[in-house]
Amino acid sequence: MRPALALSVVAVLAAPACSGAGGGSSDGGDGKTITVLMVGNPQMEDLAKVTADSFTKTTGITVRFTILPENELRDKVTQDVATQGGQYDVATIGAYEAPIWSKNGWLHELSSYADADGGYDRNDLLQPMVTSLSGEDGKLYAAPFYGESSFLMYNKELFAAKGLTMPERPTWQQVAQFAAQLDDDKAGVSGICLRGLSGWGELFAPLTTVVNTFGGTWFEKDWTPRVNAPEFVEATKFYVDLVRAHGQPGAPQAGFTECLNTFGQGKAAMWYDATSAAGTLEDASASTVAGKVGYAYAPVAKTASSGWLWAWALAMPKTTKHPDAAWQFISWATGKEYERLVGSTLGWSRVPAGKRQSTYTIPEYRQSAAAFADLTLASIQEADPKNPGVQPRPALGVQFVGIPEFADLGTKVSQEVSAAIAGSTTVEKALADGQKLAEDVAREYR
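Basis of the calculations
- Residues numbered from 1 in each chain as written.
- Predicted model: local features only at pLDDT ≥ 70, side-chain atom pairs only at ≥ 80, totals over all residues.
- Heavy atoms only, no water.
- Buried < 20%, exposed > 50% of the residue type's maximum accessible area, 1.4 Å probe, protein only.
- Helix = DSSP H or I, 4+ residues; strand = E, 2+ residues; numbered from the N terminus.
- Pairing = 2+ DSSP bridges.
- Salt bridge = Lys/Arg side-chain N within 4 Å of Asp/Glu carboxyl O.
- Core = buried A, V, L, I, M, F, W, Y, C linked by side-chain atoms within 4.5 Å.
- Domains from an automatic or database assignment.
- Contact = heavy atoms within 4.5 Å.
- Buried area = accessible area lost by both parts, 1.4 Å probe.
- Polar contact = N/O pair within 3.5 Å; in protein donor to acceptor, adjacent residues only side chain to side chain.
- Nonpolar A, V, L, I, M, F, W, Y, C, P; charged D, E, K, R; others polar.

Buried residues dominate strand 4 (residues 90-94), accounting for five of its five residues. With burial as the criterion, each face of strand 4 is covered, one bearing Val-90, Thr-92 and Gly-94 and the other bearing Ala-91 and Ile-93. The pairing of strand 2 (residues 33-39) with strand 4 spans two bridges and is parallel. When the sheet's bridge partners are listed, Leu-37 is paired in strand 4 with Ala-91. Bridging between strand 4 and strand 9 (residues 310-315) involves four bridges; their strand directions are antiparallel. Paired with Ile-93 across the bridge in strand 9 is Ala-313.

Written out as structure tokens, the structure is:
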């Protein structure tokens, strides 16, 4: 299994300049070098690996990548785009940022580029992804590189050894019972792996879905904050108690990458996280549990479903110096042929899926992803960013609240909850402090 990406990595992929699009260049060329900022997950790392021998060789456009862990990526891209720094021609953003940043005028709209690009086929993009990455004007402001919901992954061999059967749609109480039965300190296997690393997009990605299905919400429809409400407290205590009792070692420092490694090395019996993880888990060169993983819908309590909705997408900041070359890269990286390139060169399970309907008609992908493809697509289509819980919401978002202030609010509260996982504070205190922060945010909207 590949080690976790703990430090930032800069990959420079160069090729001789030849024909291609682009304007003037700050490096003395003619627009043949673009800079791309990406999140350090397996699919993006694969993109960096194949760019030089495919995209650059075809277009003559050199791509300079900066690849960062999720929390660092968020800080870096926000700082550059919000301040109009102009350091990057293409930046990785998500479903949270795209609508907000488009409203701020920080991004190029991509609909006109996509419509003028005869080979792109914008109509093939899954509608939930298009909706989540569009602005109030209905135009696309980021092209999905891959889309995801969330589901429960479990080690079928460990379940079989204990005579346990995972339901197609488990409840969180069932998951907790399974975790207690499968926890095995002697074998070095945790009952479950759950994110504990602070960050609104780390810890609170899974935790907010738990809050939703337990009946809680960050804000009611009229912006009444409910962070210390009984349902929010119950859900958070459940999550914290579960990870403290049966979760992985070092949980307060564990995010997506760390849990991917833990579960992929057979050191956890279950993992609740992004559907996009399945491709790596089924890659025998990167995972010791390939072929041994079962998949179930996101666990629930009071709601019928609870999976999140997310897209990691490629956006073009308004400050890009080379918009034509930037679109060429975006079109290539998010297009149909890129998926076939990854499948044929790196393995079909590693295709960045969840964004195009046509992906699910490719025979080789269907065969390779048979264990999880249909469930991934169904989970994406079930996710409802308008009504993710039991009560009406004031803003869009399943695992986040679609307002600019949520990044700061969610991160600050996550720091307190992560401390509760570490045992240095209580859930009640963490959420009482969070309620005060949420009240400050609510005043801006009432």
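Within this structure, the stated rule accounts for 21 salt bridges. One salt bridge in this structure joins Arg-366 and Asp-374, with 2.7 Å as the shortest N-O distance. Owing to a relative accessible area of 44%, Asp-374 belongs among the partly exposed residues under this scheme. Here Lys-412 ties to Asp-408 by a salt bridge, and the two come within 3.1 Å at their closest N and O atoms. Of the two residues, Lys-412 and Asp-408 are both situated in helix 16 (residues 406-422); the distance of four residues between them amounts to about one turn of the helix. Owing to a relative accessible area of 37%, Lys-412 belongs among the partly exposed residues under this scheme.

Among soluble globular proteins, nonpolar side chains are generally buried collectively. Core analysis: the largest hydrophobic core is formed by 150 residues, its most contacted members being Trp-172, Trp-218, Met-270, Trp-271, Phe-329 and Tyr-365. With eight residues, the top contributor of residues to this core is helix 9 (residues 230-246). When residues are assigned to domains, this core turns out to be shared by domain 1 (33-148 + 310-370) and domain 2 (150-307 + 385-443), each giving three or more. Contacts of Trp-218, omitting those with residues within four sequence positions, involve Phe-204, Thr-208, Thr-224, Pro-225, Arg-226, Val-227, Phe-232, Val-401, Phe-406, Leu-409, Gly-410 and Val-413.

For the rest of this paragraph, the subject is the pairing of strand 8 (residues 293-297). In terms of burial, strand 8 is largely enclosed, as five of its five residues are buried. When strand 6 (residues 150-155) meets strand 8, the two strands line up antiparallel, connected through five bridges. The residue bridging Met-153 from the neighbouring strand is Tyr-295, located in strand 8.

Turning our eyes to something else, we now look at the domain arrangement of the chain. Many descriptions give the size of an interface as the accessible area lost when the pieces come together. Once the domains are mapped, the chain shows domain 1 (33-148 + 310-370) and domain 2 (150-307 + 385-443). Of the roughly 1500 Å² buried where domain 1 meets domain 2, counting both sides, 55% is carbon and sulfur surface. For domain 1, the biggest contributors to the area lost against domain 2 are Asn-71, Tyr-96 and Glu-148; these three give 37% of the whole. Linking domain 1 with domain 2 are eight residue pairs in polar contact (both at pLDDT 80 or more). Looking at the side of domain 1 that touches domain 2, the elements that each hand over two or more residues are helix 1 (42-59), helix 2 (70-82), helix 3 (97-103) and strand 5 (143-148). If you tally residues by element for the side of domain 1 that touches domain 2, the top one is helix 2, at three residues. Of the residues that constitute the side of domain 1 that touches domain 2, the class distribution is six nonpolar, four polar and five charged.

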